[in-house]
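Here is how the chains run, residue by residue.
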Amino acid sequence: MNLDKLLRENVKNLKPYSSARDEFSGEAMVFLDANENPYNAPYNRYPDPLQRQLKEKISGIKGCAPDKIFLGNGSDEPIDLLFRAFCEPGKDNIVSIDPTYGMYQVAADINNIEVRKIKLKEDYSFSADELLGQADENSKLAFVCSPNNPTANLMDQGEMLKLIQNFKGLVVVDEAYIDFAPGASLLPELDRYPNLVILQTFSKAWGMAGIRLGMAFASPDIIKIFNKIKYPYNINILTQQKALELIEQETEKNAWVETLLAERTKLSEQLKAFPFVVKIYPSDANFLLVKLHDARGIYDYLVENGVIVRDRSKVILCDDSLRITVGSPEENEILIEKLKELI
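Residues numbered from 1 in each chain as written. Predicted model: local features only at pLDDT ≥ 70, side-chain atom pairs only at ≥ 80, totals over all residues. Heavy atoms only, no water.

With that out of the way, let us pick up the domain arrangement of the chain. Under the domain assignment used here, the chain contains domain 1 (3–249) and domain 2 (251–341). Computed from C-alpha coordinates alone, the two centres of domain 1 and domain 2 are separated by 29 Å. The interface of domain 1 with domain 2 comprises 24 residues on the first partner and 22 residues on the second. Both faces combined, the contact of domain 1 with domain 2 buries some 2,000 Å², and carbon together with sulfur accounts for 64% of it. The tally of links between domain 1 and domain 2 comes to one salt bridge. Here Asp179 and Lys253 are joined by a salt bridge, their closest N and O atoms 3.1 Å apart. The tally of links between domain 1 and domain 2 comes to ten residue pairs in polar contact (both at pLDDT 80 or more). A breakdown of the residues in the side of domain 1 that touches domain 2 according to their chemical character gives 13 nonpolar, six polar and five charged. (Domains from an automatic or database assignment. Contact = heavy atoms within 4.5 Å. Buried area = accessible area lost by both parts, 1.4 Å probe. Salt bridge = Lys/Arg side-chain N within 4 Å of Asp/Glu carboxyl O. Polar contact = N/O pair within 3.5 Å; in protein donor to acceptor, adjacent residues only side chain to side chain. Nonpolar A, V, L, I, M, F, W, Y, C, P; charged D, E, K, R; others polar.)

Shown next, in the form of C-alpha cells:
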C-alpha cells in the first residue's frame, strides 16, 4: 500500500506543531521550557503528548507494539483524524454498512465527505462484494463495526478479510464491543495488512466511559500521521493516571464481562416471555436489540418510570426496536419488574 497516495497533500506537507514535551521527555531537576506554573504539582505540568507509559501498559495487554497504538479522546478522535488525514473535502468518499455507529456519518458530514452505504442483509450480515461495489478511485476509507451497533452482531471474519484484501484505501474495523464477542479480534492481522485500522475502547468492558479513552491500532506509519495532526496534549494527565491505575484491574474487568454475558442470556430469556416482545436479535455485545409491539409507547413508559433505554425505531432495519444495555443484575431486575406492570 502506498500511503502517500491516500494522504491529503496538505497533511503530507504539514509541518506539525512541536510542543515543549515533544522536544524533551524524561527526568530533569528544573523545567523552564513550557511556561508552566511551578506550583501545584503534578497538575501544573503538561502531560506526555505521546502517552508512552500508558502505551507500554496497553501493549502488554493487547500484544501490540507501542508504536502501533494511538490513544484518543474516545474512539471518536481517531475516527475524525482518519477523515482529516485521508479524505479531501468535497472530493473523496467513504463506504460503510447501514445501520451502524452514527459517528462515522457525523464525522463525514463535518468534513464534507460523501458516505456511500450498503444496507445490511436481513440477518444483519454484510457482503464485502457489495461494499467494494460502492467504491471508486476516490474511496479512501471503509468502515465496519464488529460487533455492530445497534444490531449487536459480530461480522463474518471472512467477509472482513475479503474487504481488507481488496479495498484500495484504509479499512477501519471498529471493535468497541469485541470483549463481549465469541470471535477473535483482528489485531493479530495488523502485520499482514498495512491498510487495516482497528478501533477499540476502554468505555465498555473496562468500565471507563467517563475518562474518555479510545484506542486505534495500525501500522507505525499510520500512527505517525495521527500524531502529526492531533492536538498536542489530547489525553490529559488525569485520564492517563486513572487509566494506568484501572488497567491493573484486568482480573476484575474479566469478571465483569463474565457477569454481563450471563446477565445478557438471562435478560434475553426473561424478555421473551412478554407478549409485546416480537423478536430478540442475537447479541455479541453488551446490549440487546429487541423488536416490540408499540416500541415507542414502551420506551415512553420506561422513561416515565426512571428506566432509560434507547429507541432505535427510526433506524433503518430496526423498525419498532429498542436497544437495551445489559446492566447489573439489580438494574435488569428493575427493568423486568417495570415491564411486568404492562401486562
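This part takes up the packing of helix α11 (residues 250–272) against helix α13 (residues 329–340). The geometry of α11 relative to α13 is characterised by a closest axis approach of 11 Å and an angle of 5 degrees between their N-to-C directions. As summarised for this structure, α11 and α13 are arranged roughly parallel, according to the angle between their axes. From α11, Glu263, Leu267, Gln270 and Leu271 reach across to α13, where they touch Pro329, Asn332, Glu333, Leu335, Ile336 and Leu339. Classifying every residue of the contact of α11 with α13 by side-chain character gives six nonpolar, two polar and two charged. (Axes fitted to C-alpha atoms, helices over the stretch in contact; angles between N-to-C directions. Helix = DSSP H or I, 4+ residues; strand = E, 2+ residues; numbered from the N terminus. Parallel < 35°, antiparallel > 145°, perpendicular 65-115°, else oblique.)

This part takes up the packing of aromatic side chains. All told, the structure shown has ten aromatic pairs when counted by the stated rule. Taking 5.2 Å as the distance between ring centres and 65 degrees as the angle between the ring planes, the aromatic pair formed by Phe70 and Phe226 counts as edge-to-face. Taken together, the positions of Phe70 in strand β1 (residues 69–72) and Phe226 in helix α9 (residues 220–229) put the pair 156 residues apart, joining distant regions of the chain. Comparing Phe70 with Phe226 shows no difference in burial state: the two are buried. Ring-pair connections join several aromatic residues into one group, and the members of that group are Phe83, Tyr101, Tyr104 and Phe143. A cation over a ring is seen here: Arg84 above Tyr231, with NZ or CZ 5.9 Å from the ring centre. For Arg323, the ring lying beneath its charged end belongs to Phe287, and the centroid distance is 5.6 Å. (Phe/Tyr/Trp six-rings, centres within 6.5 Å; stacked < 30°, edge-to-face > 60°. Buried < 20%, exposed > 50% of the residue type's maximum accessible area, 1.4 Å probe, protein only. Lys NZ or Arg CZ within 6 Å of the ring centre and 35° of its normal.)

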